[in-house]
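The primary structure of each chain is shown beneath.
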Amino acid sequence: MRHSRAKRDIAYTRLYGLIKQLWRESGGVYGYREVYSDLRELGEGCGENRVYCLMRMRDRESGYLMELTIEQALQQGVAAHKEGKLQDAERLYRAILQSQPLHPDANHNLGVLAVSVNKVDAALPLFKTALEANPKIEQFWLSYIDALIKEKQFDNAKQVIQ
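This is a predicted model, so every value here is computed, not measured. By convention here, each chain's residues receive numbers from 1 onward along its written sequence. Given that this is a predicted model, residues contribute local features only at a pLDDT of at least 70 and side-chain atom pairs are listed and counted only at 80 or more, while totals for whole chains, interfaces and linings are drawn from all residues. Side-chain calculation: all heavy atoms of the structure are included, whereas hydrogens and water are not.

So, the environment of K152
Right, on to step 1. Helix and strand labels come from DSSP, where a helix needs a run of H or I of at least four residues and a strand needs a run of E of at least two; each type is numbered from the N terminus. Tracing the sequence through the fold places K152 in the loop between α8 (138–150) and α9 (154–161).
Right, on to step 2. Type-normalised accessible area, obtained with a 1.4 Å probe on protein chains alone, sets the label of each residue: buried when under 20%, exposed when over 50%, and partly exposed for intermediate values. Of the residues examined, K152 reaches a relative accessible area of 64% and is grouped as exposed.
Right, on to step 3. Considering only alpha carbons, one finds K152 and G27, 125 residues apart in sequence, at a separation of 37 Å.

And the structure:
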């Protein structure tokens, strides 16, 4: 019995190390479902529940849980965006949208990012989603109208203004 328990402890330690590695490679934004999916792609035989439980354990080295809240991911995305780390910002905004596709701030910020790299056509649906989720934010309207004008969709911009 002792022998099988030691084997299980070794297996858990190895699995925990893989989970931690995948989570860190995601920039700390992957939740247990994404990590579980990556583990399955690697051929690891484990249950989604086990991944969830192991990710909820406090890391002995850092003391942190392996999860970010949506708000933390948004704050990190905004900080990366301000620092010009556009790939990091995009990854964080997209991670939020995987979990909450209609998140207004993540959609808007990803749209702003897209406009900044001359992908205005990709920004328009993001701005529209942000507006539909929260039409009371003036900046969302301004960004959407600006993008329509940049795309030379003057009639659409005029309709939005009216």
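Considerations on unusual backbone geometry
Glycine aside, residues mostly have negative phi angles, and peptide bonds mostly take the trans form.
Right, on to step 1. Even without a glycine there, the phi angle at N118 is positive, about 60°.
Right, on to step 2. One can find N118 in the loop between α6 (104–116) and α7 (120–133).
Right, on to step 3. Judged by relative accessible area, N118 falls into the exposed class, the value being 71%.
Right, on to step 4. Its identity is not glycine, yet K152 carries a phi of approximately 60°, on the positive side.

Some details on the pattern of salt bridges
Right, on to step 1. Any carboxyl oxygen of Asp or Glu that lies within 4 Å of a side-chain nitrogen of Lys or Arg is treated as forming a salt bridge with it. Evaluation of the coordinates by the stated rule reveals six salt bridges.
Right, on to step 2. Between K85 and E83 there is a salt bridge, with the nearest N and O atoms lying 3.1 Å from each other.
Right, on to step 3. A relative accessible area of 53% means that E83 is categorised as exposed.
Right, on to step 4. Linking D146 and K150 is a salt bridge whose minimum nitrogen-to-oxygen distance equals 3.3 Å. Of the two residues, D146 and K150 both sit in helix α8, four residues apart, roughly one turn of that helix.
Right, on to step 5. You can call D146 partly exposed: its relative accessible area is 36%.
Right, on to step 6. Among the residues examined, K150 registers a relative accessible area of 45% and is labelled partly exposed.

Treat this as a map of the structure, not an account of what it does.
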